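Residue-level listing of the chains:
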Amino acid sequence: MDTGSGTDMGAGAGTSTGASKGTGGGAGTSTGTSAGTDTGATPGAGTASGAGTGTGAGGPAGLRDFYENPAVPVASGDARSRRQARLLAAALDRPGALVLDVGCGDGTAAAVAGPILAGHRIVGVDWSHDALRRARPRMSHVVRGEVDGGGLPFADGCADAVLFSEVIEHLVDPDRAMDELRRVLRPGGHLMLSTPNLAAWYNRALLLAGRQPVFSEVSLRGIHGRPGTEVVGHLRLFTARALRSFLRSAGFEDVRVSAAPFHGVPRGLRLIDRAACAVPSAASILLAHARRG
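Predicted model only: the values in this text are computed from it and were never measured.

A. Layout of the side chain of Glu180. As for its placement among the helices and strands, Glu180 is situated in helix 5 (residues 174-184). Residue contacts for Glu180: discarding those within four places in its chain leaves Glu146, Val147, Gly151 and Leu152.

Here it is, written out as structure tokens:
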């Protein structure tokens, strides 16, 4: 469940965000760890095609290298993790549910959510070897997998819920990713997705001033035209309206969008950011809850 929402809010903010290590297609084959048969994994679940960074199978080596770089952050703020976990805990109607944390990053978010989701099984899935190495001490089960190329190493309809946190903004082919998440979810299973909001309240002001919005990037080598100092590899950005439409078109039902604050907002603006959560279309982070049809 992881990964960060994107970018710090500029010089002097003193706070930065994590970047998602997406689980899209890449090159190579690798051995995963621990997803045994109790996780609903398909035979041979210990292995998965080397998942990439959302670049599509055989995607650009530059992106693969970027996401495997240990210097690229893979942790996010706790507020989103707690809110998302509470929403999921309320939705799960029986104990012992299998929850796949796809794009788990370093496992920090799972560690925050774990007490809230006590009694359920959480399996972390990520493409990055470095992220999984850091996640293992925090999660009882982790496996290397992808939402592109060879697909996730789990049986059809095995999961009660999928957490897909701060991953979709890193994917070249989000449509294929949604197909794969639907495949592993049981009918009626829950998708909990979070992503930065292109139309966040401060981004509206930045655009009016002719500045690049926070969370957006035009280069993997540096920041251009927006506040912040950290490159995290965002390729896709959603508004609340676009996210609802996208999930419905991908075959999900009962799509509801709520919000969470962004930990990278400067201290003096955090009260405003928390207040903006009452209006998801203007909030920093979008939290979508949908069910597989």
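Moving on from the model shown.
B. Local environment of helix 6 (residues 201-208). All of the buried residues in helix 6 are Tyr202, Asn203 and Leu206. Down the axis of helix 6, the smallest arc covering the buried residues is 100 degrees, so these residues share one side. Residues of helix 6 that are buried sit in contact with helix 8 (270-276). Of the residues one or two after helix 6, Gly210 is the one with positive phi, at around 80 degrees.

C. Local environment of the packing of aromatic side chains. Counted under the stated rule, the structure contains four aromatic pairs. Measuring from ring centre to ring centre gives 5.1 Å for Trp201 and Tyr202, while their planes differ by 70 degrees; the resulting arrangement is edge-to-face. Judged by its relative accessible area of 23%, Trp201 is partly exposed. Assessed through its relative accessible area of 6%, Tyr202 is described here as buried. The interplanar angle of 55 degrees and the centroid separation of 5.5 Å between the aromatic rings of Phe238 and Phe246 together place this pair among those described as tilted.

Basis of the calculations
Residues numbered from 1 in each chain as written. Predicted model: local features only at pLDDT ≥ 70, side-chain atom pairs only at ≥ 80, totals over all residues. Heavy atoms only, no water. Helix = DSSP H or I, 4+ residues; strand = E, 2+ residues; numbered from the N terminus. Contact = heavy atoms within 4.5 Å. Buried < 20%, exposed > 50% of the residue type's maximum accessible area, 1.4 Å probe, protein only. Arc of directions from axis to C-beta. Phe/Tyr/Trp six-rings, centres within 6.5 Å; stacked < 30°, edge-to-face > 60°.

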